[in-house]
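# Residue-level structure breakdown
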Amino acid sequence: MKVMKFGGSSLSTSSRIKHVLDIVQDAHSSHNNPIVVCSAYQGVTDQLIRTSQLAAKGDRKYLADLRSIRKRHLDTLTELVPVRKRRNAEAFVRDRLVDLSDVLHGVYFTKELTSRTKDYVMSFGEILSTFTITEALKSRNVPCAYVDSRLLIKTDDTFGAGKVKYDLTNHMIRSYFRKSRGIQIACGFIASTTDNDTVTLGRGGSDFTASLYGAALGAREIEIWTDVDGVMTADPRKVEKAFSILHMTYEEAMEMSHFGAKVIHPPTMQPALDRKIPIRIRNTFNPDFQGTLIGKRDATGKFPIKGISSIDEIALLRMQGSGMVGIAGIGRRIFSALAKREINVLMVTQASSEYSLCLAVLPQVAQTAKHVIDEELKFEIRDHQIDGVLVEEHLSVVAIVGENMRRTTGISGKLFQALGKNGINVIAIAQGSSELNISTVIAKADEAKALNALHDAFFLSGTKSLHLFIVGTGLIGGTLLKQISQHRQFLLSNQYLDVRVQAIANSRTMVFDENDSLSQHWRERLASGRSAMNLQEYIRRMKAMNLPNSVFVDCTASNALVEQYLGILQSSISIVTPNKKANAGKRALYEKLHQTALKHNVRFLYETNVGAGLPIINTMNDLVAGGDRILRIEGVLSGTLSYVFNSFKDGRTFSDIVKEARIQGYTEPDPRDDLNGLDVGRKLLILAREAGYPLEFRNVRVKSLIPETLLRAPSVGEFLKRLQTLDSFYAQARDTAAREGKVLRYIASFVDGKARVSLQAVGRDHPCYSLSGSDIMIALTTVNCRDHPIVIKGPGAGADNTATGVLADIIRISHHQS
């Protein structure tokens, strides 16, 4: 025999109740005659309380609520029970509604609502729903009977939370069920005193009813039917990737429920726990799913924890002082004073020095609790032995729960690493000696972020989610989005990396999408977007989303975005960018950005500042981190200018090659931005800084490829016309170099602390001699590689190469988060 309990969410509408009837009928067809425990229809209990309170105030609006209650129950009966079988049922329902009306009229006239009367009023919800469901089953020819639980479950006269008289209750339940036949449909939540006064069983009362029936009768299982697929690894409203837990122990269920999991209410399950009766949480609307079985320990659990739970909002009471150190009885006095005011303490943490104590309480009682403690310790506070109580609000508790945590090393380390790498500060910590639970107090604003970060860390087999916020959808940004779309499944399957594009923006429009559909349809979404691009608003919304593992990707050449980098890093959001403005600007900003990233445990990555997708900066960082010292940097750092001079053969003019490079997308829209050499100078500056040399841009001597007169041309078109005036000059330089067996290369070098960029003729013995196409090359001479420099060579231009480098940096951030 089993007990099946259906809560209000399963009984909210007639269509949902029909699902319940189908489930019960199927159980009967399987040769089972379960005990079915029913709650009131969803929302009815609250409506009954509100109606009685209005009546007690003398407010005639209670009559409108009463009519609404009457209509809902009669309409539900009409929809569930055919007219030919409805007469007796309707008479019962109408009689009970008359009883309810009479008691509410009495409350209205006396202006008094005692706890006894309130319990009686609330009982009508379960009486009416349970009777209606019984009649609906009978109309389907299912043998069943209505059970008024007040006749079987006996309590004391603590109205609102009756204390069960277990011996008497068990005797009455067993006596009744020895004689019963068919399915028994019992009212949840209600009981009675030995004087037969109606009493309610308090929060989770219907679960308690099911537990009492199951324990008294030795049921093989108690099923709690609700509207979710059992107990989840986390709240699915806050953690999209949460999934159902198939098995958990009673203790784990208790811990999860205490910290916010609403599926069961721990005290109500005690009778079942005492008799070791398994409890299964199932979904009324997905009855084929087995749900969560709560019972003995499952040795097959593959995860180190069972679930992550939270309390949305708490307040922390802090007290400290020398008067607490080594003084017996301080704790007893504090907790006794709070208990007298019925203030529940959710969590306690105390330093081993006894100098400080923190208590977590619900925010609505925080000020009362402060006053109670201040009053209890007033003499110690007066004598400055203990400071007055400080109240910190807008906090949450996030807890990880699981029996596998016992004697398992590394669990707390993994928790704090996941929180720390996402910039989540832990304000207080608590762990019980049973090692079933580690609780942390954090800022309420970080709750969802913490839940997702911890869920990724403990449940997704190493899978990490990266949440991207991309600004700039031009050549590089657009190519990056295409690559993300193309490689996303590969990254998920092979690198356990879930890359999610949460927002994109160009100079005109910005689009946010929490469902992550932007990587595939970004052009359409931008075209139809209604939000004008506002950089401050974009960054505000990005920060407000507060997602774990967030990455800001700047694919622009904008100084305005660079000005926001510090604030972004300070919000624990990593940055990836091909935009070299930040790193080639003032050295103070360069250093501040790196210090801020380090302080907030995020990454500031910009491999594509130099060399598109080539691993130049990372190689230099690895050399420096390994203790080597870079002595000399030399190479061709511009893929554009490499293409120009590699293509500058006999029979071709310099200006024609520049025009060709522009058409093929190698140059900037205005080729002067390449030919003036400043971009190469910035790259050299960045490399020198990465090598540890404190240079400013003014320390880099750049020799432009074009004179000032051409730089001042009024338009790009006019510039390209005037560029022809340099053809003979460059032809002569090329021919002179050729006669000496050399070629022209625009070379950047850092030697003996001096940075230079200029056009040079190099021979076959020079590493840059054999370059082709848009390839670039860099030679690094270090202390350890003094005689044989490290040479890095490859494509240094093109949207595909650069976007690949940006994506590589994004992936690198996921490794940092591991």
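Preceding this paragraph is the structure being described.
The text that follows walks through the structure, step by step, so that each part is easy to find. (Residues numbered from 1 in each chain as written. Predicted model: local features only at pLDDT ≥ 70, side-chain atom pairs only at ≥ 80, totals over all residues. Heavy atoms only, no water.)

### Regarding the overall build of the protein
Summing up its helical and strand segments, the protein has 29 helices and 29 strands in all. Projected onto its principal axes, the C-alpha positions of the protein cover 115 × 75 × 55 Å. Each of the 818 residues in the protein was classed as buried or not, and the buried ones make up 54%. Contacts spanning at least 24 positions in sequence make up 72% of the contacts within the protein whose residues lie at least 6 apart. Carbon and sulfur atoms provide 49% of the accessible area of the protein, an area that totals close to 35800 Å². (Helix = DSSP H or I, 4+ residues; strand = E, 2+ residues; numbered from the N terminus. Buried < 20%, exposed > 50% of the residue type's maximum accessible area, 1.4 Å probe, protein only. Contact = heavy atoms within 4.5 Å. Areas by Shrake-Rupley, 256 points an atom, 1.4 Å probe, with all protein chains shown as cover.)

### Details of the layout of surface pockets
The computed volume of the second largest pocket comes to approximately 960 Å³. As for the second largest pocket, its lining consists of 38 residues, of which I476, A557, K580, E668 and D679 are closest to the centre. Where the lining of the second largest pocket is concerned, the elements lending two or more residues are α15 (475-494), α22 (639-646), α24 (672-675), α25 (678-690) and α29 (799-817). Examining the composition of the lining of the second largest pocket, we find that four residues originate from one element, α25, more than from any other. (1 Å grid on protein atoms, 1.4 Å probe; cavity = no way out; pocket = protein on both sides within 12 Å on 5 of 7 lines; lining within 4 Å. Points joined across faces, edges and corners; volume = space filled by probe spheres on them.)

### Side note on the sheet that holds strand β21 (residues 550-554)
If you walk across this open sheet you meet the six strands as β20-β19-β18-β21-β22-β23, and the pairing is mixed. Each edge of the open sheet is held by one strand with a lone partner, namely β20 (510-512) and β23 (604-605). Looking at chain direction, strand β22 (residues 574-576) and β23 are connected through two bridges and run parallel. Bridging across to β23, I575 finds its partner in F604. (Pairing = 2+ DSSP bridges.)

### Thoughts on the nonpolar core
Of all hydrophobic cores here, the largest spans 75 residues; its most connected members are Y538, F552 and I633. Sorting elements by how many residues they give to this core places α25 first, with six residues. With near-sequence residues (within four places) excluded, F552 lies in contact with F469, V471, Y538, M542, L561, Y565, I568, I573, S574, I575 and V576. Ranked by size, the runner-up nonpolar core spans 46 residues in total, among them V20, L74, Y108 and V121. (Core = buried A, V, L, I, M, F, W, Y, C linked by side-chain atoms within 4.5 Å.)

### Concerning the sheet that holds strand β4 (residues 154-155)
Through backbone hydrogen bonds, the strands of a sheet pair up, either in parallel or in antiparallel fashion. Read across the sheet, three strands follow the order β4-β6-β7 without closing on themselves; strand pairing throughout is mixed. The sheet terminates laterally at β4 and β7 (198-200), the two strands that pair on one side only. Its contacts with the sheet put helix α5 (residues 115-138) on β6 (190-193) and β7, and the angle it makes with β7 is roughly 80°. (Axes fitted to C-alpha atoms, helices over the stretch in contact; angles between N-to-C directions.)

### Thoughts on the packing of helix α2 (residues 44-56) against helix α4 (residues 87-110)
Running from amino to carboxyl end, α2 crosses α4 at an angle of 40°, the nearest separation of the two axes being 7 Å. The interaxial crossing formed by α2 with α4 has right-handed handedness. Between α2 and α4, the residues in contact are L48, T51, S52, A55 and A56 and L100, L104, V107 and Y108, respectively. Its residues placed into classes, the contact of α2 with α4 shows seven nonpolar, two polar and no charged. (Left-handed = near helix turned anticlockwise from the far one by under 90°. Nonpolar A, V, L, I, M, F, W, Y, C, P; charged D, E, K, R; others polar.)

### Describing the packing of helix α6 (residues 166-179) against helix α7 (residues 205-217)
Look at α6 against α7: their axes get within 9 Å of each other, and the N-to-C directions meet at 70°. Classified by the interaxial angle, the pair formed by α6 and α7 is roughly perpendicular. Along the contact surface, α6 presents Y166, N170, I173, R174 and F177, while α7 presents F208, L212, Y213, A215, A216 and L217. Looking at the contact of α6 with α7 residue by residue, the class counts come to nine nonpolar, one polar and one charged. (Parallel < 35°, antiparallel > 145°, perpendicular 65-115°, else oblique.)

### Thoughts on the pairing of β21
Of all five residues in β21, five are buried, a share of seventy percent or more. Side chains of β21 alternate between two faces, with S550, F552 and D554 and V551 and V553 buried alike. Sheet analysis places strand β18 (residues 464-471) next to β21, joined by five bridges and oriented parallel. By the bridge assignment, I470 is partnered in β21 with V553.

### A few points about the side chain of T292
As for its position among the elements, T292 is in strand β11 (residues 292-295). By relative accessible area, T292 is classed as buried at 0%. Here the side chain of T292 touches V231 through a polar contact of 2.9 Å, landing on its backbone nitrogen. Aside from chain neighbours lying at most four places away, what touches T292 is D229, G230, V231, I245, L246, M248, I279, R280 and I281. (Polar contact = N/O pair within 3.5 Å; in protein donor to acceptor, adjacent residues only side chain to side chain.)

### Description of the environment of S68
Of note, S68 is situated in helix α3 (residues 62-80). Here the alpha-carbon distance between S68 and Q47, two residues 21 residues apart in the chain, equals 9.3 Å.

### Structural notes on the pattern of salt bridges
Scanning the entire structure with this criterion turns up 41 salt bridges. Between R94 and E90 there is a salt bridge, with its nearest N and O atoms 2.9 Å apart. Of this pair, R94 and E90 both sit in helix α4, four residues apart, which is roughly one turn of that helix. When its relative accessible area of 34% is taken as the criterion, R94 is described as partly exposed. Classification of E90 as partly exposed rests on a relative accessible area of 23%. A salt bridge links D679 to K580, with the shortest nitrogen-to-oxygen separation between them at 3.1 Å. Remark: K580 occurs in the loop between β22 and α20 (587-599) and D679 occurs in helix α25; sequence separation between them is 99 residues. For D679, a relative accessible area of 18% translates into the label buried. By relative accessible area, which is 15% here, K580 ends up buried. (Salt bridge = Lys/Arg side-chain N within 4 Å of Asp/Glu carboxyl O.)

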